[in-house]
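Here are the chains, one letter per residue:
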Amino acid sequence: MKVGVPKEIKTHEYRVGLTPGAAREYVAAGHRVMIETDAGAGIGATDEDYRKAGATILTSAAELFASSEMIVKVKEPQPSEWSQLREDHILFTYLHLAPDPDQAKGLLKSGCTAIAYETVTDAQNGLPLLAPMSEVAGRLAIEAAGSALKRSTGGRGLLIGGVPGVQPARIVVIGGGVVGTHAARMAVGLGAEVTIIDRSIVRLRELDQLFEGRVRTRFSTIESVEEEVFAADVVIGAVLVPGASAPKLVSRSMLRSMRKRAVLVDVAIDQGGCFETSHPTTHADPTYEVDDVIHYCVANMPGAVPLTSSQALNNATLPFGLALANKGFSAVLENPHLRAGLNVHRGRLTYKAVAESLGLPFSPIEQAAA
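Keep in mind the model is a prediction, meaning the values are calculated, not measured.

Undergrad: Honestly, the packing of helix α7 (residues 178-190) against helix α8 (residues 201-211) in this entry has me stumped. Any pointers?
TA: The packing of two helices is summarised by the inter-axis angle and the distance between the axes. Where α7 meets α8, the closest approach of the two axes is 12 Å, and the angle between their N-to-C directions is 30 degrees. What the angle tells us is that α7 and α8 run roughly parallel. The two elements α7 and α8 cross, and the hand of that crossing is right-handed. Between α7 and α8, the residues in contact are Thr181, Ala184, Arg185 and Val188 and Arg203, Leu207, Leu210 and Phe211, respectively.

Here is the structure:
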């Protein structure tokens with residue numbers, strides 16, 4: 001198959017769909033890999049690195065889209081890319097369609113087959129292609145909070161870990177999944193006072209054992225969320241409903257009862273955010289304030305560490321991408337985990353949670369593929 005990797009064009013996105021090492025694996029499997037020139041610059045990979053891996057370098061995105069059968073990216077396609085997608089294209093990337101009706105309509109109009117990293121599953125009912133970026137984002141969330149708390153950036157002037165004799169920051173993590181666990185691990189390591197809120201008693205027990213009592217765990221109710229958020233210096237939003245829009249757990253009215261210059265970090269912003277006052281920001285301008293509460297809502301947090309992120313992502317996507325390249329759409333029909341990743345096919349939405357979030361018709365894969 002002809003596999004194309006365009007240069008990411010989202011603001012401050014430095015990751016790449018295939019590293020030179022991953023490209024070499026595709027070439028070894030008999031596929032033709034085409035890389036847009038400088039696509040790997042953000043991770044320090046040159047065009048010559050890709051040539052040595054057996055890839056062909058193309059000079060423009062237009063040439064790459066025209067020449068490829070499968071497009072491998074990192075972030076969701078931008079408007080200039082929607083118009084270049086065709087019915088015979090397989091698009092393999094993060095999509096996050098639930099809060100993005102314009103992108104959904106663009107993909108539907110193109111007729112392409114779009115498989116979303118964030119809804120591909122594994123045998124343990126996990127999300128193996130979302131997990132590595134969730135790990136990175138969870139860890140970065142604490143770094144972002146620490147920066148936002150500094151007085152020089154408009155924060156309260158609080159050190160996350162404090163010092164002997166001075167109370168550390170109080171950090172509340174809403175959601176005990178991959179993002180929440182890694183955020184808590186970083187926060188605990190820095191010496192913060194950490195509370196994790198989740199709706200699963202089973203998960204709270206697991207977290208209590210994992211952290212050996214170094215974090216507080218609370219079952220999620222309206223009351224417990226309010227109590228913890230109002231007393232927090234930092235709130236990490238780490239709630240995920242696969243494919244669907246994130247639930248709004250912190251309302252605008254709650255901000256007035258929070259500590260002044262407290263920080264909200266919304267890691268769920270790709271899925272619409274779990275704070276009512278969240279809207280996407282960029283690494284160039286990452287924060288804004290609402291009611292004296294600082295919001296950090298960068299929609300591609302792992303893009304800040306593209307070398308780590310690209311390597312981690314490629315480790316996870318490689319076997320699925322090779323399956324698609326080897327068998328085309330048949331791989332989706334044969335593999336239940338790739339089937340779970342199918343969001344768009346031949347002008348139809350094939351992921352129920354996305355269709356419900358957008359208020360658009362849902363087509364089961366059997367119907368869409370008929």
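Undergrad: Which parts of the structure should I look at to understand the pattern of salt bridges?
TA: If charged atoms from side chains of opposite charge come close, those side chains can pair. Summed over all chains, the structure comprises 21 salt bridges. Across the pair Glu8 and Lys73 runs a salt bridge whose closest N-O atoms are separated by 2.9 Å. Separated by 65 residues along the polypeptide, Glu8 in the loop between β1 (2-5) and α1 (20-28) and Lys73 in the loop between β4 (70-72) and α4 (79-82) bring together distant segments of the chain. Among the residues examined, Glu8 registers a relative accessible area of 7% and is labelled buried.

Undergrad: Sorry if this is basic, but what is going on with the sheet that holds strand β2 (residues 32-36) here?
TA: Through backbone hydrogen bonds, the strands of a sheet pair up, either in parallel or in antiparallel fashion. Spatially, β3-β2-β1-β4-β5-β6-β14-β15 is the arrangement adopted by the eight strands of the open sheet, whose pairing is mixed. Of all the strands in the sheet, just β3 (56-58) and β15 (348-349) have a single pairing partner and so form its edges. Both β2 and β3 contribute to a ladder of three bridges, which runs parallel. Looking at the pairing, Ile35 lines up with Ile57 of β3. Lying over the sheet, helix α11 (residues 306-327) contacts β1, β4, β5 (90-93) and β6 (113-116), oriented at roughly 180 degrees with respect to β5.

Undergrad: Looking at this model, I keep getting lost on the environment of Leu158. Mind explaining?
TA: The topology assignment puts Leu158 in the loop between α6 (131-149) and β7 (170-174). By relative accessible area, Leu158 is classed as partly exposed at 21%. Put simply, Leu158 and Gly146 are 12 residues apart on the chain and 8.1 Å apart in space, counted from C-alpha to C-alpha. Sequence-distant contacts of Leu158, defined by excluding residues within four places in its chain, comprise Leu149, Gln167, Ala169 and Asp233.

Analysis parameters
Residues numbered from 1 in each chain as written. Predicted model: local features only at pLDDT ≥ 70, side-chain atom pairs only at ≥ 80, totals over all residues. Heavy atoms only, no water. Axes fitted to C-alpha atoms, helices over the stretch in contact; angles between N-to-C directions. Helix = DSSP H or I, 4+ residues; strand = E, 2+ residues; numbered from the N terminus. Parallel < 35°, antiparallel > 145°, perpendicular 65-115°, else oblique. Left-handed = near helix turned anticlockwise from the far one by under 90°. Contact = heavy atoms within 4.5 Å. Salt bridge = Lys/Arg side-chain N within 4 Å of Asp/Glu carboxyl O. Buried < 20%, exposed > 50% of the residue type's maximum accessible area, 1.4 Å probe, protein only. Pairing = 2+ DSSP bridges.

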